[in-house]
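# Residue-level structural notes
The primary structure of each chain is shown beneath.
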Amino acid sequence: MGFRVILVEDSMSLGALYTEYLCSEGADVTLVQFGADAIKEIDRQPPDLLILDIKLPDMSGMDILLQVQQSHPEMTVIMITAHGTIDIAVDAMRAGAFDFLVKPFDSKRLAITVRNAMKQRQLVKLVSQYENSLPKANYQGFIGESLAMQTVYKTIDCVANSKASVFIFGESGTGKEVCAQAIHNAGNRKNNAFIALNCASIPKDLIESQIFGHTKGAFTGAVSQRDGAATQADGGTLFLDEICEMDLELQSKLLRFIQTGVFRRVGGTKDEKVDVRFVSATNKDPWQQVQDGLFREDLYYRLHVIPIELPPLNQRGKDILLIANKLLGQYAKEEGKPFKGFNYAAQKVLSEYHWPGNVRQLQNVIRQIVVLNDAAEVDITMLPARIVNDGKATAAPVSSTPQMMEQNSLLSTPAHDTAEVIVHDKNIATEQNIEPLWKTEKRTIESAIDLCEGNIPKAAAMLDISPSTIYRKKQSWDEMEHALVKD
Ligand SMILES: Nc1ncnc2c1ncn2[C@@H]1O[C@H](COP(=O)(O)OP(=O)(O)OP(=O)(O)O)[C@@H](O)[C@H]1O
């Protein structure tokens, strides 16, 4: 089979001789005499094999090797050296060259070295093809080897280098942000910025300036000009999380920006242009949002070019234990605990639970187990009661000590299961004590924030919800309380 060789040799006569040897091995040879020409030729069309004299008129072969290692790490390189420079050739091999030839050499010596190099290259290709066809247990921040996740990894690989907009959807805690970051990291924009913006957690009147930036004096408090996410993400990726929460008026400005790459700062008078790749995500049904008039249809089509659906954790089979084991190891190390794994009963409970908060909830449960216990193996008594009882609100916690019972009720009752909050509320003695559900929920969330000393992300993690849910709820409580005062 033919293969392409770039031969870099400053002596014309030796170059012609080696070219003849290589051609008889079936190579298609390009001969160059200068290092600068070699670099141009490599960039124009990378060869299968680079044969490089160490001493060149304009630069050292070693410098070319180091450059090539950076720009084309997969390229096979053979160095040519004279007797006096064998030490450099050995250094070159340390730096990644495949082999070296000492001048003078004959056609047989060259043939053996070249054949070995090409064989090794074929083997490397085969191994990487084989690796790519195997299910991956880890991929760009994801843990999981289920078929559903393999499909996600393949889609990310396919779309990473494209500029097409990606729309990620899936329940809360399924890894939408991990997915957006993976798309960025796997593609050719990875050396530029990845900017994530949560459209639900930023107050309505601030979001436009967060995206587009503002000029000095654009509004009260705008003491100087400020870049927004659009400018920061130039050349990179802009991730718009919870996109369905965006105000309709701003959606039309975003649509123009996505179509043209052009935007205007708040308070600005001139247009600016950037090169941004858009990735958006929602845990709602975006098409339903369109039908309910909350999400612009034209924006939906602009963003929804490549959809990626993240499956709920309970549909990922063995991934639950795979992730649980990885997290157990990681948290045990962080907390200085001896945990090595889960016993059979604990594995069964974890595998059969429905995980409404998905991976985020699994993280919280494992963290809780590691912090509150000290053993080599996790057993069923260490699991939160609601997981063991599969979320049945009336069941008593498995943990026997009063301290554990308290921890279980505080840490493992997610606020989105509000019905459960009511059932446990011992203050409801009479009908007069019954209050609107949102007030009970507000109390639970606020006491969690207090217990976490005002740290909202920590409180959210303990409550099995995302911080943005807390911000959103805070905004809606304000509106409800405002409405109550008015009434
Ligand atoms: N497959 C996975 N393997 C390991 N960790 C994961 C995986 N999926 C998600 N995570 C982790 O779970 C947590 C939640 O993930 P992420 O924030 O990406 O979810 P999300 O779907 O964006 O949630 P939300 O809709 O609430 O914003 C993060 O800490 C993330 O690192």
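Predicted, not measured: the structure shown is a model, and the values here were computed from it.

## Notes on the packing of helix α19 (residues 437-451) against helix α20 (residues 456-463)
- Interhelical geometry of α19 versus α20 gives an angle of 125 degrees and a closest axis separation of 8 Å. The orientation of α19 relative to α20 falls into the category oblique. When you trace α19 past α20, the crossing you get is right-handed. For the pair α19 and α20, contact is made by Ile445, Ala448 and Ile449 and by Ile456, Ala459, Met462 and Leu463, respectively.
- Split into classes, the residues belonging to the contact of α19 with α20 amount to seven nonpolar, no polar and no charged.

## A closer look at the environment of proline 135
- With respect to the secondary-structure elements, proline 135 resides in the loop between α5 (107-133) and β6 (138-139).
- Given 12 C-beta atoms within a 10 Å radius, proline 135 is considered exposed.
- Considering only alpha carbons, one finds proline 135 and serine 146, eleven residues apart in sequence, at a separation of 8.1 Å.
- Beyond its immediate sequence surroundings of up to four residues, proline 135 is in contact with Glu145 and Gln150.

## A few points about the site of the ligand
- Around the ligand there are 18 residues in total, and Ser172, Gly175, Lys176, Glu177 and Ser466 lie nearest to it.
- Mapped by element, the contributors of at least two residues to the shell around the ligand are β7 (142-143), α7 (176-186) and α15 (358-372).
- The residue makeup of the shell around the ligand includes at least three contributed by each of domain 2 (138-311) and domain 3 (314-486).

## A word on the packing of helix α1 (residues 12-24) against α5
- Orientation of α1 relative to α5, taken along the N-to-C sense of each, is 55 degrees, at an axis distance of 10 Å. In terms of orientation, α1 lies oblique with respect to α5. Both α1 and α5 take part in a crossing whose hand is right-handed. Facing α1, whose interface residues are Tyr18, Tyr21 and Leu22, α5 presents Ser107, Leu110, Ala111 and Val114.
- Of the residues that constitute the contact of α1 with α5, the class distribution is six nonpolar, one polar and no charged.

## As for α20
- When we look at burial in α20, the residues that qualify are Ala459, Ala460, Ala461, Met462 and Leu463.
- One or two residues past the end of α20 sits aspartate 464, with phi positive at roughly 65 degrees.

## Concerning the sheet that holds strand β8 (residues 166-169)
- Pairing is parallel across the open sheet formed by five strands, whose spatial order is β9-β10-β13-β8-β14. Of all the strands in the sheet, the pair left with one neighbour each is β9 (194-198) and β14 (306-309). Here the strands of the sheet are splayed against their neighbours by 20 degrees on average, with no regard to which way each runs.
- In this structure, β9 lies alongside strand β10 (residues 237-241), joined through five bridges in parallel fashion. Residue asparagine 198 lies in a different strand from β10, and its bridge partner there is aspartate 241.

## Quick notes on the sheet that holds strand β2 (residues 27-32)
- Taken in spatial order, the five strands make up an open sheet running β2-β1-β3-β4-β5, and their pairing is parallel. Unpaired on one side and paired on the other, β2 and β5 (99-102) mark the two borders of the sheet. Pairs of neighbouring strands in the sheet enclose a mean axial angle of 20 degrees, with direction left out of account.
- Seen against the sheet, α5 touches β1 (3-8), β3 (49-53), β4 (76-81) and β5 and runs at an angle of roughly 175 degrees to β5.

## As for the UniProt feature "modified residue: 4-aspartylphosphate" (unreviewed entry) in the protein chain
- Within this structure's numbering, the places UniProt gives as "modified residue: 4-aspartylphosphate" (unreviewed entry) are Asp53.
- With respect to the helices and strands, the residue aspartate 53 is situated in strand β3.
- With residues near it in sequence (within four places) discarded, aspartate 53 still touches Val8, Glu9, Asp10, Gly61 and Ile80.

## Focus on the pairing of β10
- Among the five residues that make up β10, five are buried, leaving the element largely enclosed by the rest of the structure.
- With burial as the criterion, each face of β10 is covered, one bearing Thr237, Phe239 and Asp241 and the other bearing Leu238 and Leu240.
- When β10 meets strand β13 (residues 277-282), the two strands line up parallel, connected through four bridges. Looking at the pairing, leucine 238 lines up with phenylalanine 278 of β13.

## What about the nonpolar core?
- Judged by nonpolar contacts, the single largest core of 43 residues is most densely connected at Ile168, Cys179, Ile183, Ala230 and Leu238.
- No other element matches helix α6 (residues 147-159), which puts five residues into this core.
- Apart from the residues within four sequence positions on either side, leucine 238 is in contact with Ile195, Ala229, Ala230, Ala233, Val276 and Phe278.
- Among the nonpolar cores identified, the runner-up in size contains 33 residues, and Ala27, Ala38, Val68 and Val114 belong to it.

## Details of helix α2 (residues 35-44)
- The set of residues buried in α2 consists of Gly35, Ala38 and Ile42. What you see down the axis of α2 is that its buried residues fit within an arc of 55 degrees, all on one side. Exposed residues lying more than 90 degrees from the buried face of α2 are Lys40, Asp43 and Arg44.
- Contact partners of the buried residues in α2: β1, β2, β3 and α3 (61-71).

## Describing the pairing of β8
- In β8, alternate side chains face the same way, and those of Val166 and Ile168 on one face and Phe167 and Phe169 on the other are all buried.
- Where β8 lies against β14, four bridges are found, and the strand directions are parallel. The residue bridging valine 166 from the neighbouring strand is isoleucine 306, located in β14.

## A look at the confidence of the model for the protein chain
- Considering every residue of the protein chain, the mean pLDDT works out to 86; 90% of them sit at 70 or more.
- Here residues 391-428 is a poorly scored stretch, pLDDT under 50, and it has 55 contacts once near neighbours within four places are set aside; other chains count.
- Here the predicted complex scores 0.62 on pTM and 0.98 on ipTM.

Scoring rules and cut-offs
- Residues numbered from 1 in each chain as written.
- Predicted model: local features only at pLDDT ≥ 70, side-chain atom pairs only at ≥ 80, totals over all residues.
- Axes fitted to C-alpha atoms, helices over the stretch in contact; angles between N-to-C directions.
- Helix = DSSP H or I, 4+ residues; strand = E, 2+ residues; numbered from the N terminus.
- Parallel < 35°, antiparallel > 145°, perpendicular 65-115°, else oblique.
- Left-handed = near helix turned anticlockwise from the far one by under 90°.
- Contact = placed C-beta atoms within 7 Å.
- Nonpolar A, V, L, I, M, F, W, Y, C, P; charged D, E, K, R; others polar.
- Buried ≥ 20, exposed ≤ 12 C-beta atoms within 10 Å, placed from the backbone.
- Near = placed C-beta within 6 Å.
- Domains from an automatic or database assignment.
- Pairing = 2+ DSSP bridges.
- UniProt positions renumbered as here; feature names shortened; annotations may be inferred.
- Core = buried A, V, L, I, M, F, W, Y, C linked by C-beta atoms within 7 Å.
- Arc of directions from axis to C-beta.
- pLDDT = per-residue confidence, 0-100.

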